[in-house]
Amino acid sequence: MRRADGRTPCELRPVYFSRGFTRYAEGSVLMSFGETRVLCNATVEEGVPAFLRGQGQGWITAEYSMLPRATQVRSPREAARGKLSGRTSEIQRLIGRSLRAICDLEALGERTILIDCDVLQADGGTRTAAITGAYVALHDAVFGLIRQGQLNASPLRDSVSAVSVGLVDNHPMLDLDYAEDFRAAVDMNFVVTGSGLFVEVQGTAEERPFSMQELDDLRNLALTGCRELHRMQMRTLEA
């Protein structure tokens, strides 16, 4: 079976990392999953939120936003409305949890790394692209601290990436674009470490309940996709 863009059901969209995309951020990556583009910038700040002061550990958090013309129809800026949508709050908490899961926060010291994930163009999988790119931006920010002598070793214990899967026309498919996501009877997102451990699994029956066998098929497909994303992250960082 071939999909509309020519991919097989178990194939990722073309994935690209453009490091150092902006000049000033301590880590900056333009992440591309097919036609989805997310700019991930990492900022290092001394100090931690009030609830962590004096505890000898750092913090990693994230903010997520979608530019007004990231989609076919302009969406008003959330800042103009004066509050974040539930979707935005959920995604930025997910990004933060995913990054904290693979970091030794005590080894980071009492500093905060803030990851800004801005969707420049959306074609499905914006949260998974944001997590995958945010790890590379975080890595570059951390190794900047090592080069400056502010850290002796990396607090990163593993890598992390994320991918979407779903049942489209009753076929398990990897890395859904917008059209596929819209048609999916079941839609799932998996966040997985480089060593193959799960950080988070999100799954919804959009049209019908799904079986244990279908869940297993989707899980295995997601693990295959995240293994490939991990290899791409490592090749990017080695370069």
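Okay, so let's go over this structure. As the structure is a computational prediction, the values presented were derived from the model and not from experiment.

Rules used throughout
Residues numbered from 1 in each chain as written. Predicted model: local features only at pLDDT ≥ 70, side-chain atom pairs only at ≥ 80, totals over all residues. Heavy atoms only, no water. Pairing = 2+ DSSP bridges. Helix = DSSP H or I, 4+ residues; strand = E, 2+ residues; numbered from the N terminus. Axes fitted to C-alpha atoms, helices over the stretch in contact; angles between N-to-C directions. Contact = heavy atoms within 4.5 Å.

1. Things to note about the sheet that holds strand S6 (residues 160–168)
Sheet strands line up and pair through hydrogen bonds in the backbone, either parallel or antiparallel. Spatially, the four strands line up as an open sheet ordered S7-S6-S8-S9, and their pairing is antiparallel. Strand pairing shows two members of the sheet lacking a second neighbour, strand S7 (171–174) and strand S9 (198–205), which therefore form its edges. Averaged over all neighbouring strand pairs, the angle between strand axes comes to 15°, with direction disregarded. The pairing of S6 with strand S8 (residues 186–193) spans eight bridges and is classified as antiparallel. Note on S8: the bridge partner recorded for serine 164 is asparagine 189. Each of S6, S8 and S9 touches helix H2 (residues 86–100); the most contacted strand, S9, lies at about 150° to it. Seen against the sheet, helix H6 (residues 212–238) touches S6, S7, S8 and S9 and runs at an angle of roughly 145° to S6.

2. Examining unusual backbone geometry
The phi torsion at asparagine 170 lies on the positive side, around 70°, for a residue other than glycine. With respect to the secondary-structure elements, asparagine 170 resides in the loop between S6 and S7.

Without other data, these values stay purely geometric and don't point to any function.
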